[in-house]
Amino acid sequence: MKKLTTRNLVKLEKKLGKNPLSVFIGIENGEMPKLSDLLLIWQHILLAEDEKKYSDMSAVYDEYDNFLSEGGNLVSLMNEIIEVLQDSGVIPKNA
């Protein structure tokens, strides 16, 4: 199970310049989050698995390309990120 650690969450907030949850705020108005923001969030999730491998965004891009080739898409990536945020205690599971 993937998790977003507190350390990586704080690093992510600094890089985004805002709380990661704010990336999803526009969804209710039909706005999709930027892919670059989603991949930055995904990078900080992956850093918990292998900090050295995922410290460079090119490895994250490769991971996303593999995700797409296995049938994933932008919406399924968003759903996975939301699930990780729930599992990490950032947002409630019933939100």
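Before reading on, note that the structure itself is shown above.
All of the points below concern the structure found in this document. (Residues numbered from 1 in each chain as written. Predicted model: local features only at pLDDT ≥ 70, side-chain atom pairs only at ≥ 80, totals over all residues. Heavy atoms only, no water.)

Here's the deal with the overall build of the chain
- Within the chain one finds four helices and zero strands.
- Helices and strands appear in the chain in the N-to-C order α-α-α-α.
- Against the 2.2 N^0.38 benchmark of 12 Å for 95 residues, the chain shows a C-alpha radius of gyration of 13 Å, consistent with a compact globule.
- The principal-axis extent of the C-alpha atoms belonging to the chain is close to 35 × 30 × 25 Å.
- Taken across its 95 residues, the chain has 37% of its residues classed as buried.
- In the chain, once contacts between residues fewer than 6 apart in sequence are set aside, the share between residues at least 24 apart is 55%.
- Taken together, the 11 basic and 15 acidic charged side chains of the chain have centroids lying 8 Å from each other. (Helix = DSSP H or I, 4+ residues; strand = E, 2+ residues; numbered from the N terminus. Rg over C-alpha atoms; globule rule 2.2 N^0.38 Å. Buried < 20%, exposed > 50% of the residue type's maximum accessible area, 1.4 Å probe, protein only. Contact = heavy atoms within 4.5 Å. Lys, Arg positive; Asp, Glu negative; His and termini not counted. Charge placed at Lys NZ, Arg CZ, Asp CG, Glu CD.)

Concerning the nonpolar core
- If you look at the biggest cluster of nonpolar residues, it comprises 25 residues, and the most contacted ones within it are F24, I41, W42, L77 and I81.
- Counting residues per element, this core draws most heavily on helix α2 (residues 35-46), which supplies seven residues. (Core = buried A, V, L, I, M, F, W, Y, C linked by side-chain atoms within 4.5 Å.)

Quick notes on the pattern of salt bridges
- According to the stated counting rule, one finds three salt bridges in the structure shown.
- Here E51 makes a salt bridge to K11, at a shortest N to O gap of 3.8 Å. Here E51, found in the loop between α2 and α3 (57-69), pairs with K11, found in helix α1 (residues 6-16); they are 40 residues apart in sequence, far enough to count as distant.
- Judged by its relative accessible area of 34%, K11 is partly exposed.
- The partner of D87 in a salt bridge is K93, with the nearest N and O atoms 2.9 Å apart.
- For K93, a relative accessible area of 55% corresponds to the exposed category. (Salt bridge = Lys/Arg side-chain N within 4 Å of Asp/Glu carboxyl O.)

Points about the side chain of H44
- Examined against the element boundaries, H44 turns out to sit in helix α2.
- Reaching out from H44, the side chain makes a polar contact with the backbone oxygen of L40 at a distance of 2.9 Å. (Polar contact = N/O pair within 3.5 Å; in protein donor to acceptor, adjacent residues only side chain to side chain.)

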